[in-house]
Structure formats: structure tokens, C-alpha cells
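Descriptive analysis of the structure
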Amino acid sequence: MTTFILGVLTTLIILFMFGRLKLSSGRPVIERAINRRLSEGPYIVAVGGGTGLSTLLRGIKSFTRNITAVVAVTDEGGSSGRIRNEWGMLPPGDVRNCIAALAENDSELRRILDFRFDRGELKGHSLGNLLLLAVTEMSGDFSRAVERMNHLLSIRGRVLPVTTEGITLMGKTKDGLKVKGELDISAHGHELSEIWLEPVDAKTLPDVLSAVDDADVILLGPGSLFTSVIPNLLLEDFSDKLKTSNVPMIYICNLMTQPDETAGMNIVQHLDWVSAAIGKTPDFVIVNSGSIPEDIVERYEGQGANPLYIDDEQRKIIREMGCECVEVDIMSVFDSEKEKRVLRHDSQKLASVIFKIARRLGED
């Protein structure tokens, strides 16, 4: 991408943003009442990345605006990977998705930020990724750029990268094969015996650590186990902060295994990996109790994914781990722009369960 094109994009995008992209309803009295209610909500720290975290955020912003989304920065694919390789910037894709999810009108903003160029030097890049690149170039720092985006779009809460250091996922399989990078980790996840970050002494963003101190509840997931959730927990100072914190932690389990990454794994094994990364077991695990339609099960199984259902043996193990298992129907089936009959967490159902737990904890 030439400097000229980036310069033109920067000018257009900043003019666009400062041209007051008003995505709110324009009803100030109602908005003030809603904002007052949301400002009194619990302080939530949500840790993850990818589609899972942005789905969660769209739900919990209906209950509180006191949200800090902590986002993994190990993405290597697509537009994010190209920007990382060509510009030496941290991958912006997951951060972009979370910012859009916390916007007042997330569907409209998401369409704008997700706009993807289909030709020329910009082919494959999304507008949101280029916006973050432009603001990073102007700010000279990725975390400052993300903070500026938080303010520019007046989102409910804030989005933070877990670190501003360039980190790489590393792992070793049970056969002793060393794997490097998110793509390789994902392809060998179910074979892993060990996973870590390089450099091993990478530091967590200080604001992330401060957010944990202020939190009422910490959420882990949903999202890809080895490439969205665990990368955050591999930062030693972050895992230490979580381990010594008295803030209740909730792990939100995926609906399905992922091809290669978690193939053949059950809910207990997911929880084991998360617990090992932190050094203690989360207080709660939320699992789906809804019955997944057979046609979706068959299609996903054809892709190498299987439903993550709980059984009596797993319930017993989880209870012995000191973790409370919350079983509830939190799935949703819908048609996406790319595919029909897609299985996802229902953001509103999931958020409702989380805040029921939070209220119960507040009453204890």
C-alpha cells in the first residue's frame, strides 16, 4: 500500500469521522435516561478475541456501559495479517470488531467498518482496519489509536489490546513438534501439550491490569480456545493479576469444538486449559443446554466440529474443581451474509445469564 493512498484514506476517514457520524437515535431525553441506567451497571472485564468476544459485547452493553474489552493481538490472517507484516502494527481486526460491537448502533457502524475493498492495492483490506492503521500512524502508538477510536465513536465502554508488544504464539505437540504462530497453533491445537508466548517477558497494558482491580466480574470467552482466549492469559503479569484477584471469573464455553484446534475435546478439557493458564479455576463456567438442530450438527460435523454438550461425569469433575456449572440455552441460529443457518451464541440470552450471576453475587 503506497504512502499516497494511505494519506488520502487518512484524510477522507478523519473528515468522515469528524463530520459527526451520528448513529444514535437523536432522542436526548431517552438517551440520557438510558445512559444513567447503564452507568450504574456493574464493571465488567471481558477477555478474548475474534467473533466470540464481539458477540458477547453486543449483549452486555444492554446492561452496563462499564465495560472493558481486553483483546488478543496474535491474529495473523487476512487484512490484519497483511497490516501486521507490511506496517509492523499490531493486528487491528479483533479490536475493530469489538469497537463496532460496543457502538450505540453496532449494525450500522459494523457495515461501515467492515466494508472491504475488492480491487487495487487495497483489495482485501477493511475500512475499519485502515482507519486504525491511519490513526496509529497519526498517534505513533497503537494503544493511543485504539483509545482515540473509543472516544471518536462514543462506544459503551472501552476496548484495549492486552499488550502493545509484538507477540507470537508458540506451542509444542504431544509428539514434540514445535509450532509457531496463530495459524499453526490452530491447525495443531488438539495435539498440543504446551503453549506459550514469545517474547516470554512481554508486558500487559497497564490499563488492562487496572481494569481488573476495578472489575465486579471477569468474563473469559467465548472464542477460539488457543487463539483468542488463552493468548491473553499467557502474559505472566496478567495471569498473576487474575490468579490473585478476588473478582469472580466466569468462563463461557463455546457451542462447538473447532476443526483441528479443539477437535475431540470436551468441556472439562477446555476448562483445564484455561485454569492452567491462569493458575486457578474460574468460579463459574457457562455451557449451552439448548438442543442444536440436527441439520446444523451434520453440517458442522462435516467440517470437523462437534457440539460441546455436558454430561454427568463432566458435571462431577467440574464440581470437584470448585467451579459452578451454569447450564442454559444460549444458542442462536441465523443466516449470515456469507452462509445460511449459522450457529452462534445469542448475545442477549448470554448477557442475561451473566447479569443474573452478577446480581446474585452482589446479594451474597
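Residues numbered from 1 in each chain as written. Predicted model: local features only at pLDDT ≥ 70, side-chain atom pairs only at ≥ 80, totals over all residues. Heavy atoms only, no water.

Once that is clear, we can look at the sheet that holds strand β9 (residues 284–288). Strand order in the open sheet formed by seven strands is β3-β2-β1-β7-β8-β9-β10, with parallel pairing between adjacent strands. Strands at the two margins of the open sheet, each flanked by one partner only, are β3 (158–161) and β10 (324–328). Put simply, the sheet's adjacent strands are angled 20° from each other on average, direction ignored. In this sheet, strand β7 (residues 217–220) lies alongside strand β1 (residues 44–48) in parallel orientation, the contact comprising four bridges. Opposite Ile44, over in β7, you have Val217 as the bridge partner. Relative to β3, helix α10 (residues 206–214) is tilted by about 125°, and along the sheet it contacts β1, β2 (67–71), β3 and β7. (Pairing = 2+ DSSP bridges. Helix = DSSP H or I, 4+ residues; strand = E, 2+ residues; numbered from the N terminus. Axes fitted to C-alpha atoms, helices over the stretch in contact; angles between N-to-C directions. Contact = heavy atoms within 4.5 Å.)

Turning our attention to the environment of Gly362. Structurally, the position occupied by Gly362 is in helix α16 (residues 347–363). Note: C-alpha distance between Gly362 and Asp216 (146 residues apart in sequence) is 8.9 Å.

Among the ten residues in helix α5 (residues 93–102), nine count as buried, and that is most of the element. The complete set of buried residues in α5 reads Gly93, Asp94, Val95, Arg96, Cys98, Ile99, Ala100, Ala101 and Leu102. (Buried < 20%, exposed > 50% of the residue type's maximum accessible area, 1.4 Å probe, protein only.)

Before going further, it helps to spend a moment on the sheet that holds strand β6 (residues 192–198). The antiparallel open sheet is built from three strands, whose spatial order is β5-β4-β6. For this open sheet the edge positions go to β5 (178–180) and β6, each flanked by a neighbour on one side alone. When the angles between neighbouring strand axes are averaged without regard to direction, this sheet yields 20°. Relative to β5, strand β4 (residues 168–173) is paired through three bridges, and the arrangement is antiparallel. For Met170, the partnering residue across the bridge sits in β5 and is Lys180.

Below, the discussion takes up the confidence of the model for the protein. Here the protein shows a mean pLDDT of 88. Residues at 70 or above account for 89%. Per-residue pLDDT stays below 50 along residues 18–25; that stretch engages in nine contacts with residues further than four places along the chain or on separate chains. (pLDDT = per-residue confidence, 0-100.)

Once that is clear, we can look at the packing of aromatic side chains. A full pass over the atoms with the stated rule returns three aromatic pairs. Measuring from centroid to centroid gives 4.7 Å for Phe63 and Phe355, while their planes differ by 10°, and the two rings are stacked. Of this pair, Phe63 sits in the loop between α3 (50–60) and β2 while Phe355 sits in helix α16, and the two are 292 residues apart along the sequence. Geometrically, the ring pair formed by Phe115 and Phe117 is edge-to-face, given 5.2 Å between the ring centres and 80° between the ring planes. (Phe/Tyr/Trp six-rings, centres within 6.5 Å; stacked < 30°, edge-to-face > 60°.)

Right, let's get into unusual backbone geometry. Note the cis peptide between Glu198 and Pro199, where omega equals 0°. One can find Pro199 in the loop between β6 and α10. With an omega of 0°, the peptide bond between Gly221 and Pro222 qualifies as cis. Residue placement: Pro222 occurs in the loop between β7 and α11 (225–233). With a phi close to 70°, Asp260 is a non-glycine residue in the positive phi region. Turning to its location among the elements, Asp260 is positioned in the loop between β8 (249–252) and α13 (267–278). The class of Asp260 is partly exposed, set by a relative accessible area of 42%.

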